[in-house]
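# Structural features, examined
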Amino acid sequence: MEFELKILGSASATPFLDRHHTAQVLTAGSTHYLIDCGEGTQRRLLEHKIRHQRIRTVFISHLHGDHFFGLFGLLGTMHLHGRTEPLRLFGPAGLDEVLTTQFRHSHTQLNFELEFTAVDTEQFAEVFDDAQVTVHTLPMRHRIPCCGYLFREKPRRRPLLKDKLPADLTPAQLTALTRGEDVLDADGQVLVRNADVTTTPRPPRAYAYCSDTLYTESLAELVHGVDLLYHEATFLDDMRERAASTHHSTARQAAQLARRANVQRLLIGHFSSRYRDLAPLLAEAKTVFDWTELATEGLTVAI
Ligand SMILES: [Zn+2]
Ligand SMILES: [Zn+2]
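## A word on the overall build of the chain
Helix and strand counts for the chain stand at 10 helices and 16 strands. Along the first, second and third principal axes, the C-alpha atoms of the chain reach 70 × 55 × 35 Å. The buried share among the 303 residues of the chain stands at 50%. For the chain, restricting intrachain contacts to residue pairs at least 6 apart in sequence, the fraction spanning at least 24 positions comes to 66%. On the chain, roughly 14300 Å² of surface is accessible, and the fraction owed to carbon and sulfur atoms is 50%. Taking the average location of the 33 positive side-chain charges in the chain and that of its 38 negative ones, the two points are 4 Å from each other.

Given below as structure tokens:
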């Protein structure tokens, strides 16, 4: 199954030339999950030929404008394109109130159902699951309620070794084998041993999205060992005090968390517009954690 992340925006606070506000699309199989929705996200989806019809779920980290001002426009476009399929929306309490007010005063009655779930941004808790993934909230420390999201693939079925399979198994028995069970006869005796006819599946993959936050060491435990970690890196480390006072992190701190959590790869983003050139942020992170990349516009990462 495809498990891929696309970066649509990497700017913090104010946009900058070719850098846009935060938005990412995680694709698992044929489903898109939209993570944050900064201003102009719908245009970025068009540019990257990502069909919004395939977005079934949207996860918003917090209610600073650079993370959700694009949502109203995207919902409006979905409505105008005649969407009827429900859309699930996760985010901090109050998001529903903002949207409802906008819809009320623009006399917009969506022709699809918007199912909003308010998440507790202070808890690590499972908030969503479907056939492909489970999603947990990750508590961030920011100026207003804010959480990240941890996406974990569902455990895979055990692949069958076709040349070792007896010919006369029923579809139900084959399914049981992919679940790791043995095939038994009527008396409960083992007819086919699972270990003889199946093989171990690839371990489920995981992606952790850490939105705006103070450097928080305890996050390392929650995202330990993930295949890909995105962590904000608004500033260089010489501005550590400014980062702390605005509840943000530095490139070095993002890399420290990646190292502490023993993740496979790190993406840094949410860059301050004071940095025209992002190379120093990347270089700083790499001194601590070598497998770092910049989460710049259009980057696609196969997880
Ligand atoms: Zn932000
Ligand atoms: Zn923020």
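## Brief notes about the coordination of the zinc ion (ligand 2)
Protein coordination at the zinc ion (ligand 2) comes from His 62 (NE2), His 64 (ND1), His 142 (NE2) and Asp 212 (OD), with a distance range of 2.1 to 2.4 Å. In primary-sequence terms, the residues that donate to the zinc ion (ligand 2) follow H-x1-H-x77-H-x69-D. Between the zinc ion (ligand 2) and the zinc ion (ligand 1) the interatomic distance amounts to 3.4 Å, and Asp 212 serves as a bridging ligand to the pair. One end of the pair, His 64, is in the loop between strand S4 (55-59) and helix H2 (65-68); the other, His 142, is in the loop between strand S8 (133-139) and strand S9 (147-153), with 78 residues separating them in the sequence.

## Thoughts on the sheet that holds strand S14 (residues 265-269)
Overall, mixed pairing links the 7 strands, which are arranged S7-S8-S9-S12-S13-S14-S15 in an open sheet. Two strands lie at the open edges of the sheet, namely strand S7 (126-129) and strand S15 (292-294), each paired on one side alone. Adjacent strand axes in the sheet meet at a mean angle of 20° when their direction is disregarded. With 3 bridges connecting them, S7 and S8 associate as antiparallel partners. Bridge pairing in S8 links Phe 128 to Val 135. In this fold helix H10 (residues 279-286) packs onto S14 and S15, with an angle of close to 165° to the strand it touches most, S15.

## Describing unusual backbone geometry
Backbone geometry at Asp 36 places phi at a positive 60°, although glycine is not the residue there. As for its placement among the helices and strands, Asp 36 is situated in strand S3 (residues 31-37). Of note in the backbone geometry, His 247 takes a positive phi value of approximately 60° without being a glycine. As for its placement among the helices and strands, His 247 is situated in the loop between helix H8 (240-245) and helix H9 (251-261).

## Some details on the coordination of the zinc ion (ligand 1)
Around the zinc ion (ligand 1), the protein contributes the donor atoms Asp 66 (OD), His 67 (NE2), Asp 212 (OD) and His 270 (NE2), which lie 2.1 to 2.2 Å from the metal centre. For the zinc ion (ligand 1), the 4 donor atoms are set out with angles of 92 to 166° between them, so the coordination reads as irregular. Sequence spacing among the residues donating to the zinc ion (ligand 1) works out to D-H-x144-D-x57-H.

## Description of the pairing of S3
When you tally the buried positions in S3, you get 7 out of 7 residues, the bulk of the element. Hairpin connection between strand S2 (residues 23-28) and S3: a loop of 2 residues separates the two successive antiparallel strands, and Gly 29 in this loop has a positive phi of roughly 65°. As defined by bridge partners, S3 adjoins S4 across 4 bridges and the pair is classed as parallel. Bridging from a neighbouring strand, His 32 pairs with Ile 55 of S4. What joins S3 to S4 is helix H1 (residues 41-47), and the crossover it makes is right-handed.

## Details of the environment of His 231
As for its placement among the helices and strands, His 231 is situated in strand S13 (residues 228-232). Along the primary structure His 231 and Lys 49 are separated by 182 residues, whereas in three dimensions their C-alpha atoms are 26 Å apart. Once residues within four sequence positions are removed from consideration, His 231 is found in contact with Cys 210, Thr 213, Ser 249, Ala 254, Leu 257, Leu 266, Leu 267, Ile 268 and Gly 269.

## Brief notes about the environment of Asp 196
Locating Asp 196 in the fold gives a position in helix H6 (residues 194-197). On a C-alpha basis, the gap between Asp 196 and Leu 160 in space is 9.6 Å, while along the polypeptide they are 36 residues apart.

## Examining the environment of Leu 229
Topologically, Leu 229 is positioned in strand S13. Looking at Leu 229, the relative accessible area reads 0%, which means it is buried. Along the chain, Leu 229 and Gly 269 lie 40 residues apart, while their C-alpha atoms are 11 Å from each other. Contacts of Leu 229, omitting those with residues within four sequence positions, involve Ala 208, Cys 210, Val 223, Leu 257, Ala 258, Val 263, Arg 265, Leu 266 and Leu 267.

## Digging into the packing of H9 against H10
Packing of H9 against H10 brings their axes to within 8 Å, and their N-to-C directions diverge by 35°. For H9 against H10, the interelement crossing comes out right-handed. Across the interface between the two elements, Ala 251, Arg 252 and Ala 255 of H9 pack against Leu 281, Glu 284 and Ala 285 of H10. By residue class, the composition of the contact of H9 with H10 is 4 nonpolar, no polar and 2 charged.

## Observations regarding the side chain of His 136
Turning to its location among the elements, His 136 is positioned in strand S8. By relative accessible area, which is 18% here, His 136 ends up buried. Setting aside residues no more than four positions away along its own chain, His 136 makes contact with Phe 124, Ala 125, Glu 126, Val 127, Gly 148, Tyr 149 and Leu 150.

Here is what the cut-offs are and how they apply
Residues numbered from 1 in each chain as written. Chains lettered and ligands numbered in written order. Predicted model: local features only at pLDDT ≥ 70, side-chain atom pairs only at ≥ 80, totals over all residues. Heavy atoms only, no water. Helix = DSSP H or I, 4+ residues; strand = E, 2+ residues; numbered from the N terminus. Buried < 20%, exposed > 50% of the residue type's maximum accessible area, 1.4 Å probe, protein only. Contact = heavy atoms within 4.5 Å. Areas by Shrake-Rupley, 256 points an atom, 1.4 Å probe, with all protein chains shown as cover. Lys, Arg positive; Asp, Glu negative; His and termini not counted. Charge placed at Lys NZ, Arg CZ, Asp CG, Glu CD. Donors = N, O, S within 2.8 Å, 3.2 Å for Na, K, Ca; no water. Pairing = 2+ DSSP bridges. Axes fitted to C-alpha atoms, helices over the stretch in contact; angles between N-to-C directions. Tetrahedral: all angles 85-135°; square planar, octahedral: opposite > 155°, others 65-115°. Right-handed = clockwise from strand over helix to strand, strands pointing away. Left-handed = near helix turned anticlockwise from the far one by under 90°. Nonpolar A, V, L, I, M, F, W, Y, C, P; charged D, E, K, R; others polar.

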